[in-house]
Amino acid sequence: MDLIMGMNSGSSFDGIDVILAETKMDGDGFPAAPRFIKGSSYEWPLDVKKVVLDAFENKVDMVGLNRLNYVAGAVFAEKAVQFLKENGIESREIKVLGLDTQTIYQEQPDHKAIAAMTAEEKADWPGRWISGKYPAGYQVGDTSVIANLTNIDTVTHFRQADHTFGGSAAPLMQYLDFVLFRKEEKPKMTLNIGGIANLHLACSDRRKMYGFDVGPGNVISDYFAKRLYGKEYDRNGALAASGRVNEDMLNYFMHHPFFERPVPRSGWRMDYSPEYLNSTIEKFSHVAREDMMATACAFTGEAVAKSMEDNIPREVIEQVDQLYASGGGVKNPAILQEIQKRIPQNIKLVSSSEIGIPPEFKEAIKFATLAYSTIHCVPGNIPAAGHASQYAILGNIGLAPRNIKGGAEF
């Protein structure tokens with residue numbers, strides 16, 4: 001068995017998760033289901049956090065982004081090494097480290113426009129992005145900085161390879177779900193509730209899988225808690241539990257332009273930007289703040305139900321009996337209650353811990369598994385879900401100094 005590490009800092013930007021797991025290559029050419037060993041979470045340094053938050057809102061210039069790429073890489077490396085020291089692990093024991101670094105910006109593909117492109121148009125490689133038809137994204141955290149400071153072979157930036165073939169690369173969770181469930185007879189469904197929530201249907205045949213963002217996870221609840229109560233988040237959903245859903249506000253949310261995008265839809269935290277949410281608060285200023293909190297949770301539940309209905313055939317949904325939930329939103333009972341209330345009655349919402357995956361660390365486990373697949377040249381995208389035109393080996397590889405032939409000194 002090989003020890004693998006994964007890290008994650010997602011759209012909610014509420015910390016850096018680090019995990020240790022183990023796996024091996026199975027006889028079918030894919031990694032065995034990873035076994036989680038341990039995990040920890042760390043805070044971003046406050047001065048760096050401020051710059052990243054500014055970058056989300058396009059307030060950092062090119063000089064600042066350039067430096068942030070190195071700084072973020074150094075922060076990720078620092079937290080990885082801290083995790084190793086706390087657990088008495090040497091870097092040489094780790095086969096590979098996987099992380100997507102920190103996404104600052106992303107845009108989804110125009111699937112309809114791509115489908116209509118001629119062979120000649122697709123052969124114009126720069127034109128794929130000049131036209132705006134192909135997806136693009138930007139992450140900060142330099143691969144070489146991380147690999148060289150940690151002395152661990154590192155794989156980062158998993159999305160660009162899928163983007164090259166027109167895939168949304170958001171979400172990426174469906175690959176881990178395939179690894180976990182590929183030997184099951186019936187399809188399995190999972191939900192990850194981060195800042196943005198995404199839903200996945202996994203089965204043994206990758207050509208029949210689904211994966212897509214559904215809309216907000218906890219990004220609106222977190223923002224409302226901070227703006228209305230001065231709290232970082234709604235602990236245990238207590239604020240939302242004290243309120244009632246405002247149907248007018250919920251209807252307003254459900255007319256967000258996100259739902260006009262063709263499926264599979266991809267979302268980003270700036271879909272629910274401070275400007276959008278501040279204007280919503282102003283528009284519904286007559287609504288009690290606890291009712292706003294309750295409505296934010298209801299919006300997540302309704303978005304899950306609508307996106308499930310829009311993307312997955314009814315006959316497939318009827319085969320599913322459980323929805324395995326992960327992500328920070330699992331800690332908010334109000335969000336979970338609203339999801340359960342609104343999804344089909346045949347599906348029971350349960351924690352991913354029931355399959356040995358701690359919900360708070362599934363994203364980091366995903367990146368560790370993707371990195372392990374990359375170094376074994378196994379494609380990590382699911383074209384049926386993200387609509388890429390072909391399979392691709394995902395990620396940028398940074399080799400550690402320990403690979404230098406003849407030792408570290410010449």
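Just above, that's the structure.
This one's a predicted model, so the numbers in the text were calculated from it and none came from an experiment.

(A) Quick look at the overall build of the protein. A count of helical and extended segments in the protein gives 17 helices and 13 strands. Its C-alpha radius of gyration of 21 Å places the protein within 12% of the 22 Å reference for a compact globule of 410 residues. Expressed as lengths along the three principal axes of its C-alpha atoms, the size of the protein is roughly 70 × 45 × 45 Å. Split into buried and exposed, the 410 residues of the protein put 56% on the buried side. The long-range fraction of contacts in the protein, counting pairs at least 24 apart against all pairs at least 6 apart in sequence, stands at 74%. Roughly 17800 Å² of accessible area belongs to the protein as shown, and the carbon and sulfur atoms make up 49% of that amount. For the protein, the separation between the mean place of its 43 positive charges and that of its 51 negative charges on side chains is 2 Å.

(B) Expanded view of the pattern of salt bridges. Summed over all chains, the structure comprises 17 salt bridges. Between D26 and R182 there is a salt bridge; the shortest N-O distance is 3.3 Å. Highlighted residues: D26 in the loop between β2 (16-23) and β3 (35-42) and R182 in the loop between α8 (173-181) and β8 (188-193), separated in sequence by 156 residues. A relative accessible area of 7% means that R182 is categorised as buried. Residue E78 is joined to K79 by a salt bridge in which the shortest nitrogen-to-oxygen separation is 3.8 Å.

About the thresholds
- The numbering scheme is per chain: residues are counted from 1 as the chain's sequence reads.
- Local features are withheld for residues below a pLDDT of 70 in this predicted model, meaning they are given only at 70 or higher, and side-chain atom pairs are given and counted only at 80 or more; totals for whole chains, interfaces and linings count all residues.
- As a rule here, side-chain values cover all heavy atoms of the structure and leave hydrogens and water aside.
- Here a strand is any run of E in DSSP of at least two residues, a helix any run of H or I of at least four, and the numbering for each starts at the N terminus.
- This radius of gyration counts C-alpha atoms alone. The globule rule is 2.2 Å times how many residues there are, raised to the power 0.38.
- Working definition: with a 1.4 Å probe on protein chains only, accessible area under 20% of the residue-type maximum means buried, over 50% means exposed, and in between means partly exposed.
- Only heavy atoms matter for contacts: two residues are in contact if any of them lie within 4.5 Å across the pair.
- Using a 1.4 Å probe, accessible areas were evaluated by the Shrake-Rupley method; residue-level cover was limited to the displayed protein chains.
- The sign given to each residue is positive for Lys and Arg and negative for Asp and Glu; His and the chain ends receive no count.
- Every charge is mapped onto a representative atom, which is NZ of Lys, CZ of Arg, CG of Asp or CD of Glu.
- Here, a salt bridge means any side-chain nitrogen of Lys or Arg that lies within 4 Å of a carboxyl oxygen of Asp or Glu.

This is a description of form; function is not addressed.
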